[in-house]
Amino acid sequence: MLNKYARAFFTRVLTPFAAFLLRRGVSPDAVTLIGTAGVMAGALVFFPRGEFFWGTIVITLFVFSDLVDGNMARQAGISSRWGAFLDSTLDRVADGAIFGGFALWYAGLGDDNVLCAVAIFCLASGQVVSYTKARGESIGLPVAVNGLVERAERLVISLVAAGLAGLHGFGVPGIDILLPIALWIVAVGSLVTLGQRVVTVRRESAEADAAAAQGSGAEA
Ligand SMILES: CCCCCCCC/C=C\CCCCCCCC(=O)OC[C@H](COP(=O)(O)O[C@@H]1[C@H](O)[C@H](OP(=O)(O)O)[C@@H](O)[C@H](O)[C@H]1O)OC(=O)CCCCCCC/C=C\CCCCCCCC
Ligand SMILES: Nc1ccn([C@@H]2O[C@H](COP(=O)(O)O)[C@@H](O)[C@H]2O)c(=O)n1
Ligand SMILES: [Mg+2]
Ligand SMILES: [Mg+2]
């Protein structure tokens, strides 16, 4: 949903910045790499220590690079298969660091086995949700569904909650409950999304196989 409705807005807002970087000789690949490194640093340095406010600030500064890199490539007319591969692959790395950071907090000082498991579930299910689309497309299917909770939703729900939960460290009482709530929402939402995508791939592959069988029957 965010991908559909918010992308146009962010494209408008980020286009001048993307043009500025291109004028300075920065490449889209460099933005993809630096953005991922920044997200990983924010997640793995701050989250395991329970510093959710500062971790979210650092991640937010870098995560928008994922919208800037593609914008730069399109403006410069240099969108490439390599760029698409690099972008999607490093998305998985960044997501692993974010949910891994939450899991490390709950496995350590946060001391909550259930929430550690929920964070690991968010990490794994998010990767599988993305994989369903990549694998479905690689076998020639359209995978014409995005589902309830795409990557943008997973990030916005968990990062807004983490940023607000971090205010607990500045004396705001009770607000730290937002992070567990967000992790449960992302976990359930990812499971629903996984179901939606698997059902779609099942239907599309049955249709494609039937069409192929009909085609070879007509030839015989
Ligand atoms: C005092 C309070 C302190 C709070 C601190 C600040 C809080 C800020 C909180 C959050 C900011 C979160 C921003 C998250 C932005 C996410 C941007 C992003 O990375 O979007 C990527 C997404 C997808 O791009 P791609 O097409 O390149 O990626 C594909 C996708 O990943 C597929 O995944 P799948 O869906 O299949 O799982 C892969 O399959 C594919 O491989 C991959 O290529 O881009 C978009 O979706 C575009 C829309 C982005 C919308 C961003 C909305 C941000 C909205 C609000 C943020 C600000 C809120 C501030 C609130 C503050 C409250 C305290
Ligand atoms: N280093 C890069 C990054 C991205 N691309 C192209 O942009 C598409 C992704 O666009 P986003 O707005 O979601 O970032 C991607 O599929 C590539 O076509 C690129 O060429 N090089
Ligand atoms: Mg990108
Ligand atoms: Mg991306």
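Calculation rules
Position labels on residues start from 1 in each chain and follow its written sequence. Working convention: letters from A go to chains and numbers from 1 go to ligands, in the order in which they are written. With the structure being a predicted model, the display of local features is reserved for residues of pLDDT at least 70 and the display and counting of side-chain atom pairs for 80 or more, all residues being used for whole-chain, interface and lining totals. The basis for the side-chain values is all heavy atoms of the structure; hydrogens and waters are excluded. Coordinating N, O and S atoms are those within 2.8 Å of the metal (3.2 Å for Na, K and Ca), and as water is not part of the atoms, a site may appear to have fewer donors than expected. The helix and strand labels rest on DSSP assignments: H or I over at least four residues marks a helix, E over at least two residues marks a strand, and numbering proceeds from the N terminus. UniProt positions are given in the numbering used here, feature names are shortened, and annotations may be inferred rather than shown by experiment. In this analysis, the protein atoms alone were mapped onto a 1 Å grid. Cavities are point sets where a 1.4 Å probe fits without being able to get out; pockets are open sets with protein on both sides within 12 Å along at least five of seven lines; lining residues have an atom within 4 Å of a point. Summary of the burial criterion: residues with accessible area below 20% of their type's maximum are buried, those above 50% are exposed, and those between are partly exposed, where the area comes from a 1.4 Å probe applied to protein chains only. We call two residues in contact whenever any of their non-hydrogen atoms come within 4.5 Å of each other. Side-chain atoms within 4.5 Å are what join buried Ala, Val, Leu, Ile, Met, Phe, Trp, Tyr and Cys residues into a set we call a nonpolar core. Any residue with a heavy atom lying within 4 Å of a molecule or strand is counted as near it. In protein, a polar contact requires one atom able to donate a hydrogen and another able to accept it; more generally it is a pair of N or O atoms within 3.5 Å, and residues adjacent in sequence count only if both atoms are side-chain atoms. Note on areas: Shrake-Rupley, 1.4 Å probe, and residue coverage restricted to the protein chains presented here. Cavity and pocket membership follows a simple rule, namely that a molecule belongs there if more than half of its atoms are within 2 Å of the grid points. Classification convention: Asp, Glu, Lys, Arg as charged; Ala, Val, Leu, Ile, Met, Phe, Trp, Tyr, Cys, Pro as nonpolar; all other residues, Gly among them, as polar.

Draft legend 1. Local environment of the coordination of the magnesium ion (ligand 3). Donor atoms from the polypeptide that coordinate the magnesium ion (ligand 3) comprise Asp66 (O), Asp66 (OD), Asp69 (OD) and Asp87 (OD), at 1.9 to 2.3 Å from the metal. Sequence positions of the donors to the magnesium ion (ligand 3) reduce to the motif D-x2-D-x17-D. Taken as a pair, the magnesium ion (ligand 3) and the magnesium ion (ligand 4) lie 3.5 Å from each other and share aspartate 66 as a ligand. Taken together, the residues span about one helical turn, with aspartate 66 and aspartate 69 both in helix α5 (residues 65-76) at a distance of three residues.

Draft legend 2. Layout of the UniProt feature "binding site: Mg(2+) 1" (unreviewed entry) in the protein. Here, UniProt's "binding site: Mg(2+) 1" (unreviewed entry) annotation points to Asp66, Asp69 and Asp87. Spanning 22 residues, the named residues form one tight spatial group whose C-alpha atoms are at most 8.2 Å apart. Of the annotated positions mentioned, Asp66, Asp69 and Asp87 line the largest cavity. Overall, the relative accessible area of 22% leaves aspartate 66 in the partly exposed class. With sequence-adjacent residues up to four places away left out, aspartate 66 is seen in contact with Asp87, Asp91 and Arg151.

Draft legend 3. A look at the nonpolar core. One finds Phe47, Ile59, Ile98, Phe102, Leu179 and Leu183 to be the most contacted residues of the largest nonpolar core, which totals 27 residues. Every element with two or more residues in this core is listed here: α3 (28-46), α4 (52-63), α6 (81-107), α7 (113-138), α8 (151-165) and α9 (178-219). The residues touching phenylalanine 47, leaving out its near neighbours within four places in the chain, are Gly42, Phe52, Gly55, Thr56, Ile59, Ile98, Gly101, Phe102, Trp105, Leu159 and Ala162. Counting six residues, the second largest nonpolar core, distinct from the first, contains Leu14, Leu21, Val31 and Val68.

Draft legend 4. Quick peek at the site of ligand 2. The environment of ligand 2 is made up of 15 residues, and the closest members are Arg7, Asp29, Asp66, Asp69 and Arg74. Aspartate 69 places a polar side-chain atom, nitrogen or oxygen, 2.9 Å from an oxygen atom of ligand 2. If ligand 2 stood free it would expose 460 Å²; the protein chains cover 83% of that surface. Counting atoms within 2 Å of the grid points, the majority share of ligand 2 lands in the largest pocket. When contributions to the shell around ligand 2 are tallied by element, the ones reaching two or more residues are α3, α5 and α6. A per-element tally of the shell around ligand 2 places α5 first, with five residues.

Draft legend 5. Inspection of the environment of isoleucine 34 at higher detail. Among the secondary structure elements, isoleucine 34 is positioned in helix α3. We classify isoleucine 34 as exposed; its relative accessible area is 53%. C-alpha separation for the pair isoleucine 34 and leucine 179, spaced 145 residues apart in sequence, amounts to 27 Å.

Draft legend 6. Representation of the site of ligand 1 within the structure. By nearness alone, 30 residues border ligand 1, and Ser88, Ser130, Arg151, Arg154 and Arg197 come closest of all. Within the side chain of arginine 7, one N or O atom sits 3.1 Å away from an oxygen atom of ligand 1. Protein contact buries 77% of the 1,200 Å² of open area that ligand 1 shows by itself. Spatially, ligand 1 is embedded in the largest pocket. For the shell around ligand 1, the secondary structure elements donating two or more residues are α1 (2-5), α2 (7-23), α4, α5, α6, α7 and α8. The biggest single contributor to the shell around ligand 1 is α8, with nine residues. Grouping the amino acids of the shell around ligand 1 by side-chain chemistry returns 15 nonpolar, six polar and nine charged.

Draft legend 7. The coordination of the magnesium ion (ligand 4), seen in detail. Here the magnesium ion (ligand 4) is held by the protein donor atoms Asp66 (OD), Asp66 (OD), Asp87 (OD), Asp91 (OD) and Asp91 (OD), which lie 2.0 to 2.6 Å from it. Each donor residue of the magnesium ion (ligand 4) lies on the same chain, and together they follow the pattern D-x20-D-x3-D. According to the relative accessible area criterion, aspartate 91 is buried, its value standing at 12%.

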